[in-house]
Amino acid sequence: MADNKLPYHEQIANKLIEQLKAGTAPWQKPWQAGEPRMPHNPISGTRYKGSNAIWLAMQCRDDPRWMTYKQAKGIDAQVQKGQHGTLVQYWKLFDQIDKKDDNGKKILGADGKPIKVTIKLDKPRVFSAVVFNAEQIEGLPELEVKTLPEWQRHERAEKILQNSGVPIHHDQIDNAYYCPATDDIHLPAKSQFNSRDSYFATVLHELSHSSGASHRLNRDMTGRFGDESYAKEELRAEIGSLMLGDELQIGHEFGQHAAYVDHWVKVLQDDPKEILRASRDAEKIQNYVMGFENEHLKPRTTQTKAYPLMIYEKQNTPIRNEFESEL
């Protein structure tokens, strides 16, 4: 049970370390295609983001719906007696203030109310809230899962791959990786995968790595296997591809070997705040990659920064044989 007296990031890191060692972290468990499972708020209609999404997914609930006590009460539902909520945090980067004229007087709109303007805060403000899972609440309607047909989720994934402009080579036997030096992805033949969902889950993991190139999201891609920076990049790609797999409903398969787990545990033990940074970057990966869905076919972009020859790989490929308010 989490120690609620600890800072939010330490609660997440401590529980995640336990789950990584036990093999039960969200991305270590297979998520079936067609079954979106990432946490969302059915009242506001928003999905939880970044570390909040991972933290709530770590609670191991079968129902992905989360809401506050007040929100549940507002739809005539009731949190069950004795249930404990889960803390989430979100950042407020902007605020709305009354618009004023040069004399400092509020400017009123046609309705007689002050006109509001949005300003960026000099220093982000952090807010906390307690949310409850649908399994802890009585009076909610049954969970309705809107499953995309297979052809539609595959069409969406294929469009993203094409529009990304990242070359994909099917020249491997039992390995999959992204090479920063050549800015391309290498995979086994499509026929070697158990399913098209499995294929897309693997290639989207590698596409998540490709987003770190200097002319894209510009993450540190200079590490080699065993390095701390390599482990951090793998953590970002794993969380990012989990989020992508959920949004596209192609599922997620954990293919990393145990060595990555050991490195992730060490990284989190050394710096618990790394889970916040990794989750934030994973959210950026998801948004960046999903952006390709609405773009026209892009020519390959010339890489502007040279990297040593290395690969970011997904071992044991599954083959046959902060934030806005989320409340």
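None of the values given here were measured: they were computed from a predicted structure.

Analysis parameters
- Residues numbered from 1 in each chain as written.
- Predicted model: local features only at pLDDT ≥ 70, side-chain atom pairs only at ≥ 80, totals over all residues.
- Heavy atoms only, no water.
- Helix = DSSP H or I, 4+ residues; strand = E, 2+ residues; numbered from the N terminus.
- Buried < 20%, exposed > 50% of the residue type's maximum accessible area, 1.4 Å probe, protein only.
- Areas by Shrake-Rupley, 256 points an atom, 1.4 Å probe, with all protein chains shown as cover.
- Contact = heavy atoms within 4.5 Å.
- Polar contact = N/O pair within 3.5 Å; in protein donor to acceptor, adjacent residues only side chain to side chain.
- Phe/Tyr/Trp six-rings, centres within 6.5 Å; stacked < 30°, edge-to-face > 60°.
- Core = buried A, V, L, I, M, F, W, Y, C linked by side-chain atoms within 4.5 Å.
- 1 Å grid on protein atoms, 1.4 Å probe; cavity = no way out; pocket = protein on both sides within 12 Å on 5 of 7 lines; lining within 4 Å.
- Points joined across faces, edges and corners; volume = space filled by probe spheres on them.
- pLDDT = per-residue confidence, 0-100.

1. What to know about the overall build of the chain
When its secondary structure is counted, the chain shows eight helices and 11 strands. The buried share of the chain, taken over its 327 residues, is 47%. A total accessible area of about 16,700 Å² is found for the chain, and carbon and sulfur atoms account for 49% of it.

2. A word on unusual backbone geometry
One non-glycine residue, Cys60, adopts positive backbone phi at about 60°. Along the chain, Cys60 turns up in the loop between helix 2 (50-57) and strand 3 (66-68). In the Ramachandran plot, Gln249 falls in the positive-phi region, its phi being about 60° despite a non-glycine side chain. When you line up the elements, Gln249 lands in the loop between helix 6 (228-248) and helix 7 (258-270).

3. Structural notes on the environment of Arg65
With respect to the secondary-structure elements, Arg65 resides in the loop between helix 2 and strand 3. Since its relative accessible area comes to 10%, Arg65 is described here as buried. On a C-alpha basis, the gap between Arg65 and Ile43 in space is 9.2 Å, while along the polypeptide they are 22 residues apart. The residues contacting Arg65, other than those within four sequence positions of it, are His40, Pro42, Phe132, Asn133, Ala134, Leu140, Pro141, Glu142 and Leu143. One polar contact links Arg65 to Asp63, side chain to side chain, over a distance of 2.9 Å.

4. So, the packing of aromatic side chains
Per the stated rule, a full pass over the model turns up 11 aromatic pairs. Between Tyr8 and Trp55, the aromatic rings sit 6.4 Å apart at their centres with planes inclined by 80°, giving edge-to-face as the arrangement. In this pair, Tyr8 is assigned in helix 1 (residues 8-22) and Trp55 in helix 2, connecting sequence segments 47 residues apart. By relative accessible area, Tyr8 is classed as buried at 6%. Measuring from ring centre to ring centre gives 5.2 Å for Tyr288 and Phe292, while their planes differ by 80°; the resulting arrangement is edge-to-face. Among the aromatic residues, those joined into a cluster by ring pairs are Trp27, Phe225, Tyr230, Phe254, Tyr260 and Trp264.

5. Describing the nonpolar core
Nonpolar side chains in soluble globular proteins generally cluster together in the buried interior. Within the largest apolar cluster, 35 residues are counted, with the highest numbers of intra-cluster contacts made by Leu16, Leu20, Trp27, Ile54, Ile239 and Trp264. At the level of elements, helix 1, helix 2, strand 6 (116-133), helix 6, helix 7 and helix 8 (274-290) are the ones that each hand at least two residues to this core. Not counting chain neighbours up to four residues away, the residues in contact with Leu16 comprise Ala25, Trp27, Met58, Leu268 and Ile275. Of all hydrophobic cores here, the second largest spans 24 residues; its members include Ala157, Leu161, Ala176 and Ala201.

6. With respect to the environment of Pro272
Relative to the assigned elements, Pro272 resides in the loop between helix 7 and helix 8. When the C-alpha atoms of Pro272 and Leu16 are compared, they prove to be 9.9 Å apart, with 256 residues separating the residues in sequence.

7. Let's talk about empty space enclosed by the protein
Taken as a whole, the largest cavity encloses approximately 40 Å³ of empty space. Looking at the largest cavity, the residues that line it are Trp31, Gln32, Glu35, Pro36, Gly245, Asp246, Gln249 and Gly251.

8. Quick word on the confidence of the model for the chain
Of all residues in the chain, 88% have pLDDT values of 70 or greater, and the mean over the chain is 87. Strand 11 (residues 312-313) is the least confidently modelled element of the chain, averaging 60 in pLDDT, while strand 7 (residues 137-138) averages 98, the highest of any element. Every residue in residues 299-308 scores below 50 in pLDDT, and together they form 25 contacts with partners more than four places removed in sequence or on other chains. Across residues 315-324 the pLDDT falls below 50, and counting only partners more than four positions away or on other chains, this stretch makes 37 contacts in the model.

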